[in-house]
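# Structure at a glance
For reference, the chains in residue letters:
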Amino acid sequence: MVVVLSKKSPSAAEKDLNSIRKDRDLSFFDLVSVDQVSIEDLALLYEVARRFRDYKTYKFSFNKGSSQVNAFFEPSTRTSSSFDLAAKQLSMDTAGVAGNSSVSKGESYLDTIETIDAYNVKTIVIRSKESGVPEMLARHTQAAIINAGDGWHEHPTQALLDVLTMLDHFSSRGGSASGGQTKNLDGKVVMIVGDITHSRVFGSLVRLLRQLKAQIRTASPLTLIPTEVERFGVKHYTDVNEALIGADVVYALRVQSERGANGYIPSLREYSKMFGISRKRLDLAKKNAILMHPGPVIRDIDVHSALAAVDPQSQILQQVENGMAVRKALLWLMCDRIDGKTKEFKRK
Ligand code: CP
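Counting restarts for each chain: residues are numbered from 1 in the order of the written sequence. Local features in a predicted model are, by the rule used here, given only for residues with pLDDT of at least 70; side-chain atom pairs are given and counted only at 80 or more, and totals for whole chains, interfaces and linings are based on all residues.

### Some details on the overall build of the protein
Runs of E in the DSSP output that reach at least two residues are strands. Runs of H or I that reach at least four are helices, and both are numbered from the N terminus. Secondary structure summary: the protein contains eleven helices and nine strands in total. The globule rule used for comparison is 2.2 Å times the number of residues to the exponent 0.38, while the radius of gyration itself is calculated over C-alpha atoms. Against the compact-globule benchmark of 20 Å for 348 residues, the protein has a radius of gyration of 20 Å, which places it among compact chains. Any residue surrounded by 20 or more other C-beta atoms within 10 Å of its C-beta is treated as buried, while 12 or fewer makes it exposed and the intermediate range makes it partly exposed; C-beta atoms here are placed from the backbone. When the 348 residues of the protein are sorted by exposure, 43% land in the buried category. Within the protein, residue pairs in contact and separated by at least 24 positions form 74% of the contacts whose partners lie at least 6 positions apart. Any residue pair is listed as a contact if its two C-beta atoms, each placed from the backbone, are within 7 Å.

See below:
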């Protein structure tokens, strides 16, 4: 018999989620870097996220009475819409500031965010062009700050959803010796190709993959790789064909034109010829390798169009679905703490 979770009564659905949570709390109060996420945090987040995913758009009352401001000072489709919907599906009120905020009139990020904080919101989700903004703000707000991408630095919720996608894929293929859920990426080869230098997605992903024992390879022109990347335990290749051999995960990144990356390659056409993931290139990886991309995909430059969303090896839309589930889990666990603890902060 198939149980349709979306048909459960509100009290039964919430009881179900609570039975998975088992009175556990996260170890952090803000999320500015994946380095804050312990193995125990990861297990809790993923157990809860998988259950939220099963409930799809079900409306929970967990965070009723709490508010969230989404402050995106750079463009976003996936991260902004999923954070907003996740909050609403947990019964939070949401507001957005950014493009037309008073930052454009010269107000500082700190004054803007302290203003929002005075509304007693529970969470402020922030994306900034500059690195380090969420970390600086988190020290001065009572609200939890969630980094939705800061400059070239980190994009922690992207890495969390990416790793959930990988773990679920390997579990579905019987990846764990005990037949249960795969808990780490020991022995898996993750090959990341593209503009590594400007990628905050890489910044978070490489840290989390390392924690989960994956073997990490990068492939890019030498002009798009940070000089000290090897200190992350990464093996770098300038020949993507060589890097692909034996890969379990092929993770493509966009060339970030808005950060001037076009000036580091002869042309996008040339880049695509040398590093773009085509059918022929994907076939160099392991037989059942998966193709991932954080989006937005620049079709026929970083990934050939025919592979992008519909190819059976592509996990790109699964990543999007997992993004919603991970963000919902995060918002519930951060806003509705069982231990009643609150963060320490100091007004500037
Ligand atoms: N992956 C990602 O951050 O996408 P958006 O810029 O659309 O949010």
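Here the narrative resumes.
### Brief notes about the domain arrangement of the protein
By convention, interface size is frequently given as the accessible area that disappears when the constituent parts associate. Each domain of the protein was delimited in the assignment, giving domain 1 (20–154 + 321–335) and domain 2 (156–315). The gap between the C-alpha centroids of domain 1 and domain 2 is 25 Å. Residue-level contacts link 23 residues of domain 1 with 15 residues of domain 2. Broken down by secondary-structure element, the contributors of at least two residues to the side of domain 1 that touches domain 2 are helix 2 (39–55), helix 3 (78–89), strand 4 (144–150) and helix 11 (316–335). An automatic or database domain assignment is the source of the domain bounds shown.

### Some remarks on the packing of helix 1 (residues 10–21) against helix 2
Axes are the key here: two packed helices are described by the angle between their axes and the distance separating the axes. To define axes, lines are fitted to C-alpha atoms, for helices over the stretch in contact only, and angles between the resulting N-to-C directions are given on a 0 to 180 degree scale. Between helix 1 and helix 2, the least distance of the axes is 9 Å, while the angle of their chain directions is 160°. Relative to helix 2, the element helix 1 is oriented roughly antiparallel. Our pair here, helix 1 against helix 2, has a crossing hand that is right-handed. Between helix 1 and helix 2, the contacting residues are A13, L17, I20 and R21 on the first element and E47, V48, R51 and Y55 on the second. Throughout, the term roughly parallel applies to angles under 35 degrees, roughly antiparallel to angles over 145, roughly perpendicular to angles from 65 to 115, and oblique to all others. The handedness criterion is simple: a crossing whose near helix is rotated anticlockwise from the far helix by less than a right angle is left-handed, and one whose near helix is rotated clockwise is right-handed.

### Some thoughts on the pairing of strand 3 (residues 123–128)
Within strand 3, six of the six residues are buried, which leaves it mostly tucked inside the rest of the structure. Two strands pair when backbone bridges link them, and strand 1 (residues 67–72) and strand 3 are joined in this way by five bridges, in the parallel orientation. Residue pairing for strand 3: F72 is matched across the bridge by R127. For the crossover that starts at strand 3, traverses helix 5 (residues 133–138) and ends in the parallel strand 4, the hand is right-handed. Between any two strands, pairing holds if DSSP finds at least two bridges. We call a crossover right-handed when, viewed with both strands directed away from the observer, the connection leading from the first strand over the helix to the second proceeds clockwise.

### Regarding the sheet that holds strand 2 (residues 93–97)
Either a parallel or an antiparallel arrangement is found when strands of a sheet pair, and the pairing is made through backbone hydrogen bonds. Read across the sheet, four strands follow the order 2-1-3-4 without closing on themselves; strand pairing throughout is parallel. Both edges of this open sheet fall to strand 2 and strand 4, since each of them pairs with a single strand only. Going from strand to strand, the sheet's axes swing by 15° on average, the running direction of each strand aside.

### Focus: the sheet that holds strand 6 (residues 215–219)
Read across the open sheet, the five strands follow the order 7-6-5-8-9; overall the sheet is parallel. Only two strands of the sheet have a single partner each, and these edge strands are strand 7 (234–237) and strand 9 (290–292). Averaged over all neighbouring strand pairs, the angle between strand axes comes to 20°, with direction disregarded. Pairing geometry for strand 5 (residues 189–193) and strand 6, over five bridges, is parallel. Counted as the bridge partner of I192 is T218 from strand 6.

### With respect to the environment of E270
Residue position: E270 is located in helix 9 (residues 268–275). Given 11 C-beta atoms within 10 Å, E270 falls into the exposed group. Along the chain, E270 and I301 lie 31 residues apart, while their C-alpha atoms are 9.3 Å from each other.

### Observations regarding the nonpolar core
Among the nonpolar cores identified, the biggest contains 96 residues, and L45, I124, M191, V193, V249, V250 and A329 are the most heavily contacted of them. Considering every element that reaches this core, the biggest residue donor is helix 11, with eleven residues. In this structure, this core is formed jointly by two domains, domain 1 (20–154 + 321–335) and domain 2 (156–315), each of which donates at least three residues. Residues contacting M191, with those up to four places away along its chain left out, are R217, A219, A243, L244, A247, V249, V250 and Y251. Put simply, a nonpolar core is buried Ala, Val, Leu, Ile, Met, Phe, Trp, Tyr and Cys residues tied into one set by C-beta atoms within 7 Å.

### Some points on unusual backbone geometry
Of the consecutive residues G295 and P296, the connecting peptide bond is found in the cis state with omega at -10°. Note that P296 resides in the loop between strand 9 and helix 11.

### A look at the site of the ligand
A molecule or strand has a residue near it when that residue's C-beta atom, placed from backbone coordinates, lies within 6 Å of it. In the vicinity of the ligand, the contacting residues are S76, T77, R78, T79, S80, G149, H155, Q158, P294, G295 and P296. Here the shell around the ligand takes three residues from helix 3, the largest share from any one element. For the shell around the ligand, the domains that each give at least three residues are domain 1 (20–154 + 321–335) and domain 2 (156–315).

### Observations regarding helix 11
How far a helix is expected to stretch is found by multiplying one less than its residue total by 1.5 Å. Relative to the 28 Å expected for 20 residues at 1.5 Å per residue, helix 11 spans 29 Å between its end C-alpha atoms, a close match to the ideal helical length. Burial of helix 11 is extensive: 16 of the 20 residues sit out of reach of the surface.

### Comments concerning the packing of helix 6 (residues 156–172) against helix 11
Where helix 6 contacts helix 11, the two axes come as close as 8 Å, and the packing angle between them is 120°. By the angle between their directions, the pair helix 6 and helix 11 is classed as oblique. In terms of crossing hand, the pair formed by helix 6 and helix 11 is right-handed. In contact with T157, L160, L161, D162, L164 and T165 of helix 6, helix 11 contributes Q318, Q319, N322, G323, V326, R327 and L330. Considered class by class, the residues forming the contact of helix 6 with helix 11 number five nonpolar, six polar and two charged. Throughout, the ten residues Ala, Val, Leu, Ile, Met, Phe, Trp, Tyr, Cys and Pro are labelled nonpolar, Asp, Glu, Lys and Arg are labelled charged, and all others, Gly among them, are labelled polar.

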